[in-house]
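# Summary of the model geometry
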Amino acid sequence: MADEPVRTEAGDQQDWATLDTLLDVTVNLIPMGILLFFVLLYSLFRPWEWDPGMFVLMHFLTVFPFVLLALLTYVSARAIASAEQGG
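The notes below deal with the structure included here.

## Looking at the overall build of the protein chain
Helix and strand counts for the protein chain stand at three helices and two strands. Reading the helices (α) and strands (β) of the protein chain from amino to carboxyl end gives β-β-α-α-α. With the model as given, the accessible surface of the protein chain reaches about 6500 Å², and the carbon-plus-sulfur share is 70%.

Quick look at the structure:
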């Protein structure tokens, strides 16, 4: 049951997204959640006066690492699945 491929809503399966692989990469969800928390926090509450340059810089420093971490999580999930299949 743990090695069953994850199925999407369309019904097609993704060979790399098994439950074991997803459990291996869940360690990245905590930092991603923290980054999203700060994006939402600084979007709703601005501790400094309104400055477009500061606003863009703050969001760049949180959104860019989030995107990189999401990409790293995807690549590592593919690598883990490939290693588990022996390929």
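## Things to note about a nonpolar patch on the surface
On the surface, Ile30, Ile34, Phe37, Phe38, Leu41, Leu44 and Phe45 cluster together to form a nonpolar patch covering roughly 730 Å² of accessible area. Relative to the assigned elements, Phe37 resides in helix 2 (residues 29-44).

## Structural notes on the environment of Phe66
Following the sequence through the fold, Phe66 ends up in helix 3 (residues 52-85). Judged by relative accessible area, which is 21%, Phe66 ranks as partly exposed. Residues Phe66 and Met32, 34 residues apart in the sequence, show an inter-C-alpha distance of 5.9 Å. Setting aside chain neighbours within four positions, we find Phe66 in contact with Met32, Leu35 and Leu36.

## Regarding helix 2
Between its terminal C-alpha atoms helix 2 stretches 22 Å, which fits the 22 Å expected from 16 residues at 1.5 Å a residue. Residues Met32, Leu35 and Val39 constitute the buried set of helix 2. When helix 2 is viewed along its axis, its buried side chains cluster within an angular range of 65° and face the same direction. In this structure, helix 2 carries Ile30, Leu40 and Leu44 as exposed residues pointing more than 90 degrees from its buried face.

## Focus on the packing of helix 2 against helix 3
At a minimum axis distance of 10 Å, the contact between helix 2 and helix 3 shows a crossing angle of 155°. Classified by the angle between their axes, helix 2 and helix 3 sit roughly antiparallel to one another. In the packing of helix 2 onto helix 3, the handedness of the crossing is left-handed. Every residue of helix 3 that contacts helix 2 at Pro31, Met32, Leu35, Leu36, Phe38, Val39, Tyr42 and Ser43 is listed here: Phe55, Met58, His59, Thr62, Val63, Pro65, Phe66, Leu69, Ala70 and Thr73. Of the residues assigned to the contact of helix 2 with helix 3, the class counts are 14 nonpolar, four polar and no charged.

## Comments concerning helix 3
Spacing of three or four residues puts side chains on the same side of an α-helix, whose turn is 3.6 residues. Taking 1.5 Å per residue, 34 residues should reach 50 Å; helix 3 reaches 49 Å between its end C-alpha atoms and fits that length. Maximum bend of helix 3: about 25°, positioned at Phe60. Looking one or two places after helix 3, you find Gly86, whose phi comes out positive at around 85°.

Calculation rules
Residues numbered from 1 in each chain as written. Predicted model: local features only at pLDDT ≥ 70, side-chain atom pairs only at ≥ 80, totals over all residues. Heavy atoms only, no water. Helix = DSSP H or I, 4+ residues; strand = E, 2+ residues; numbered from the N terminus. Areas by Shrake-Rupley, 256 points an atom, 1.4 Å probe, with all protein chains shown as cover. Patch = residues over 30% accessible without salt bridge, like charges linked within 9 Å, V, L, I, M, F, W, Y side chains within 5 Å. Salt bridge = Lys/Arg side-chain N within 4 Å of Asp/Glu carboxyl O. Buried < 20%, exposed > 50% of the residue type's maximum accessible area, 1.4 Å probe, protein only. Contact = heavy atoms within 4.5 Å. Expected span 1.5 Å × (residues − 1). Arc of directions from axis to C-beta. Axes fitted to C-alpha atoms, helices over the stretch in contact; angles between N-to-C directions. Parallel < 35°, antiparallel > 145°, perpendicular 65-115°, else oblique. Left-handed = near helix turned anticlockwise from the far one by under 90°. Nonpolar A, V, L, I, M, F, W, Y, C, P; charged D, E, K, R; others polar. Bend = angle between axes of the 7 residues up to and from the residue.

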